[in-house]
Amino acid sequence: AKVPMKAFEVEMAVLPLLLEIDSRGMTINQERLEYWIAKTSRDMVFYKMQCENLGFNPGSPQQVAVILKKRGHQLWYNKKKHAVTSDELMEAAYASDPVTWMVLGYRMAQTRLKSTLMKIKTLQKNGRIKCRFNQNIASTGRLTSSSPNLQNITEGLRDIFVAAPGKEFLDW
């Protein structure tokens, strides 16, 4: 397929910037990273304690299913006859139950801590983290990042990255 000239011009304009970021990496604000690790850890402990006070472990899908059934909810089962407690189903089917939001809060904090914050902490070198920017991997033509993927960093956590002097991050 023929690439429109405007798309080619944008790609060429972005390329030097991506190469610079790719080779230099992004500076990590250690103080903000530690703040978010501590806050997220506290959140996770808070939600876990709330659930344990009700007699179940929010990290166990089986125990979540048991507590939901005890609280009068109809459960859905997969082909292996295990109760489904996916985030999407819990939000849709059990949204009126505060237990749902405790479990989802726990899961969100756990994911944020393990998949994002601790990964950044362990992958950084000399206070910088490097990732690979990919211009031609996504079928839609959009820019992607990998090793690690920094695209799904939630807005609140983005303050752990520091723009280079004279530069600024764009978010659109």
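Everything numeric in this text was worked out from a predicted model, so none of it was measured.

This paragraph deals with the overall build of the protein. In terms of helices and strands, the protein carries 5 helices and 5 strands. The order of helices and strands in the protein, counted from the N terminus, is α-β-α-α-α-α-β-β-β-β. Radius of gyration (C-alpha) of the protein: 21 Å, far over the 16 Å computed for a compact globule of 172 residues. For the protein, the C-alpha atoms occupy an extent of roughly 60 × 45 × 25 Å along the three principal directions.

Summary statistics for the protein give a mean pLDDT of 88 and a share of 97% for residues scoring 70 or more. Confidence scores differ between elements of the protein, with strand β3 (residues 132-134) showing the lowest mean pLDDT of 79 and helix α2 (residues 30-53) the highest of 97.

Glancing now at helix α3 (residues 61-70). For α3, the full list of buried residues reads V64, A65, I67 and L68. The arc enclosing the buried residues of α3, seen along the axis, measures out at 165°, which places them on a common side. Structural note: α3 exposes Q62, K69 and K70 on the side pointing more than 90 degrees away from its buried face.

Compared with the 34 Å implied by 1.5 Å per residue over 24 residues, the 34 Å span of α2 between its first and last C-alpha is a close match. The complete set of buried residues in α2 reads L33, W36, I37, T40, M44 and C51. Looking at the buried side of α2, the elements it contacts are β1 (26-28) and α5 (98-123). For α2, the side-chain oxygen to backbone nitrogen distance between the N-cap and E31 is 3.1 Å, and the N-cap itself is N29. Phi turns positive one or two residues past the end of α2, at G55, with a value near 95°.

The contact between α2 and α5 brings their axes to 8 Å, and the two run at 150°. As judged from the angle between their axes, α2 and α5 are roughly antiparallel. At the point where α2 passes α5, the crossing takes the left-handed sense. By residue class, the composition of the contact of α2 with α5 is 15 nonpolar, 5 polar and 5 charged.

Time to look at the pattern of salt bridges. Under the counting rule described, the total for this entry stands at 7 salt bridges. Note that R71 is salt-bridged to D97, the shortest N-O span being 2.8 Å. Separated by 26 residues along the polypeptide, R71 in the loop between α3 and α4 (87-93) and D97 in the loop between α4 and α5 bring together distant segments of the chain. Classification of R71 as partly exposed rests on a relative accessible area of 39%. Accessibility expressed as a relative area gives 5% for D97, which makes it buried.

Conventions and cut-offs
Residues numbered from 1 in each chain as written. Predicted model: local features only at pLDDT ≥ 70, side-chain atom pairs only at ≥ 80, totals over all residues. Heavy atoms only, no water. Helix = DSSP H or I, 4+ residues; strand = E, 2+ residues; numbered from the N terminus. Rg over C-alpha atoms; globule rule 2.2 N^0.38 Å. pLDDT = per-residue confidence, 0-100. Buried < 20%, exposed > 50% of the residue type's maximum accessible area, 1.4 Å probe, protein only. Arc of directions from axis to C-beta. Expected span 1.5 Å × (residues − 1). Contact = heavy atoms within 4.5 Å. Polar contact = N/O pair within 3.5 Å; in protein donor to acceptor, adjacent residues only side chain to side chain. Axes fitted to C-alpha atoms, helices over the stretch in contact; angles between N-to-C directions. Parallel < 35°, antiparallel > 145°, perpendicular 65-115°, else oblique. Left-handed = near helix turned anticlockwise from the far one by under 90°. Nonpolar A, V, L, I, M, F, W, Y, C, P; charged D, E, K, R; others polar. Salt bridge = Lys/Arg side-chain N within 4 Å of Asp/Glu carboxyl O.

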